[in-house]
Amino acid sequence: MGITKILLIITTIVGLIISNDTVRAESPYRFFTWNITYGNINPLGITQQGILINGKFPGPDIYSVTNDNIIVNVFNNLPEPFLISWNGIQQRKNSFEDGVYGTTCPIPPGKNFTYIMQVKDQIGSFFYFPSLAFHRAAGAFGGFRILSRPQIPVPFPEPAGDFTVLIGDWYKTTHSKLKAILDGGHKIGFPDGILINGKGPNKESFTFARGKTYRMRISNVGLQNTLNFQIQGHVMKLVEVEGTHTMQNTYSSLDIHVGQTYSILVTADQPPKDYYISISTRFTNKTLKTIAVIHYENSSNSLSGIFTKAPTTVNWSMDQARSIRTNLTASGPRPNPQGSYPYGSINVTRTIMLVSSSAQVHGKQRYGVNSVSFVNADTPLKLADYFHIKGVFRVGSIPDEPSHKTMSLETSVMGADYRSFVEVVFQNEENILQSWHLDGYNFFVVGMDEGKWSQASRSQYNLKDAIWRCTTQVYPKSWTAVYIALDNVGMWNMRSEFWARQYLGEQFYLRVYTTSTSTRDEYRIPKNALLCGKAEGSEI
């Protein structure tokens, strides 16, 4: 890239920052330039087409500190539109930058778009991923960490090292062929393997010094499967989940569901040698497994021992999930205890029950929520809302509870009032494990159990220290209940993290609305926003 073009880009970005209400001048800026290209990758022994960021698979980590302004200039060198979304980054008052098609116009081929966002009042471990056209099956994902400000104490000593660990199931079939299978109304079948940081079995390693403690930020960036994570001969101390410091329980293995991130501490307290990290699928008829290596410094002893089997029962996994709780005495992004928010004493103003299902619609496989299968509109919903464009979506096009009607196709949007406090119950009537995510928010996972949820189920809710996170699992033939304080105005994607189901309609948008036009409640549209569909030509 020539120096003239670089200077032009920098000048443009600085101008956008100065004129954009979404950033705060008093906080530091971190600049990233990403070139998105296709390239050959070989994670499972065959060469296939992957999506690279600056020539890398997976993409580079984003390192930041609470309240930093993040400026990511994305150049799309693919022959089709492209978008990056930020899993768990809350985009306070700014759903324009969320990076899913319901909020953000895709970056056209050969063009660029600059994401301008602030990691306001957040800490923790997250990841980013491509959100369009089944690109997630081709790469372009990476870690996103937000460190605490120096003056705010973290509830554990500084580790000797800090590793991003991206795990996920993977197909040898290219993403374009997988997309064609789904578009043809069929299912894509079972994955071919598991990757660790984009590498296959025995290809990834981490070096430890004996006696030192290390942090591992583990994100399940895969397409559908829960993965069990174990380290031979070592226990794992859980310290953070998707931005929340946890009670520091120790585990011999962890179930990490698709779309979730767990942060653990591991102490190298064993005799110096190589130890395996074993990762295997859970809740599937067929099992995939892979290993990575932890290598102790100054050791020449290679791997040995038997690959440990993961626990097999749903009850074991559910008990583990219930044991993951918020550390009420730890500070979060602000210097006050995380437990200062009394969510258990707030009156719930609305209960929403969500039931997903599978059906054939017009002879093709579809998935939906409360009998509605989502279809994209010709215009991002947030832009249609902002510019008052009619005919793009209808608020209330998905009901608050299952209707048990024949599945229909619609651009489903659920309305919600700003500053309301709602209960959402995910009822799973299927024999598979489900995983649900809400953009723009964390929620309190107050309860989960087998069977059907009823009002009596509230008697077992954890109303004191439930974990606060953005992605939750729902076990087969079971329910999970969450509480959400709707304090972030915008158009937010509620979706299945089972990516084929999301692609075929298992999602909707939650429109958190206020009549206020003050920037205290929601930022104005960014000056550099891409406009497409019926919003093209609108005046910003």
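Structure: see above.
All residue numbers refer to positions counted from 1 along the written sequence of the respective chain. Residue-level local features of this predicted model are given only where pLDDT is at least 70; pairs of side-chain atoms are given and counted only at 80 or more, and the full residue set underlies all totals for whole chains, interfaces and linings. Each side-chain value is derived from all of the structure's non-hydrogen atoms; neither hydrogens nor water enter the calculation.

Peer 1: Could you clarify how one ought to interpret the overall build of the protein in this entry?
Peer 2: Per the secondary structure count, the protein includes five helices and 34 strands. Expected size for 540 residues packed as a compact globule is a radius of gyration near 24 Å; at 22 Å, the protein falls within 12% of this value. Burial here depends on accessible area, computed with a 1.4 Å probe over protein chains only, as a share of the maximum for the residue type. Under 20% is buried, over 50% is exposed, and the range in between is partly exposed. The buried share of the protein, taken over its 540 residues, is 60%. Partitioning the intrachain contacts of the protein with sequence separation of at least 6 by distance along the chain shows that 78% fall at a separation of at least 24. His is not counted, nor are the chain ends; Lys and Arg add positive charge and Asp and Glu add negative charge. Note that the charge is assigned to NZ on lysines, CZ on arginines, CG on aspartates and CD on glutamates. Counting 50 positive and 41 negative side-chain charges, the protein places the averaged centre of each group 2 Å from the other. Note on conventions: DSSP H or I runs of at least 4 residues are helices, E runs of at least 2 residues are strands, and numbering of each starts at the N terminus. Only the C-alpha atoms count toward the radius of gyration. The rule for a globule is 2.2 Å times the residue count to the power 0.38. In what follows, residue pairs with any heavy atoms lying within 4.5 Å of each other are defined as contacts.

Peer 1: What am I meant to see in the sheet that holds strand β2 (residues 48-53) here?
Peer 2: Within a sheet, each strand pairs with its neighbour through backbone hydrogen bonds, oriented either parallel or antiparallel. Ordered in space as β2-β1-β4-β6, the four strands form an open sheet in which the pairing is mixed. Each edge of the open sheet is held by one strand with a lone partner, namely β2 and β6 (112-118). Adjacent strand axes in the sheet meet at a mean angle of 20 degrees when their direction is disregarded. Any two strands with at least two DSSP bridges between them are considered paired. Relative to strand β4 (residues 69-76), strand β1 (residues 29-41) runs parallel, the two sharing eight bridges. Following the sheet pairing, F32 is matched in β4 by V72. Angles here are taken between N-to-C directions and fall from 0 to 180 degrees, while the axes themselves are lines fitted to C-alpha atoms, restricted in helices to the stretch in contact.

Peer 1: Looking at this structure, I do not really get the pairing of strand β13 (residues 227-231). What am I missing?
Peer 2: Remember that side chains alternate between the two faces of the sheet whenever the strand is regular. The element β13 is largely enclosed, with a buried count of five among its five residues. Side chains L227, F229 and I231 project from β13 onto one buried face, and the interleaved N228 and Q230 project onto a second face that is buried too. Sheet topology places β13 next to strand β17 (residues 253-256); four bridges connect them, and they run antiparallel. Residue pairing in the sheet places N228 in a bridge with D255 of β17.

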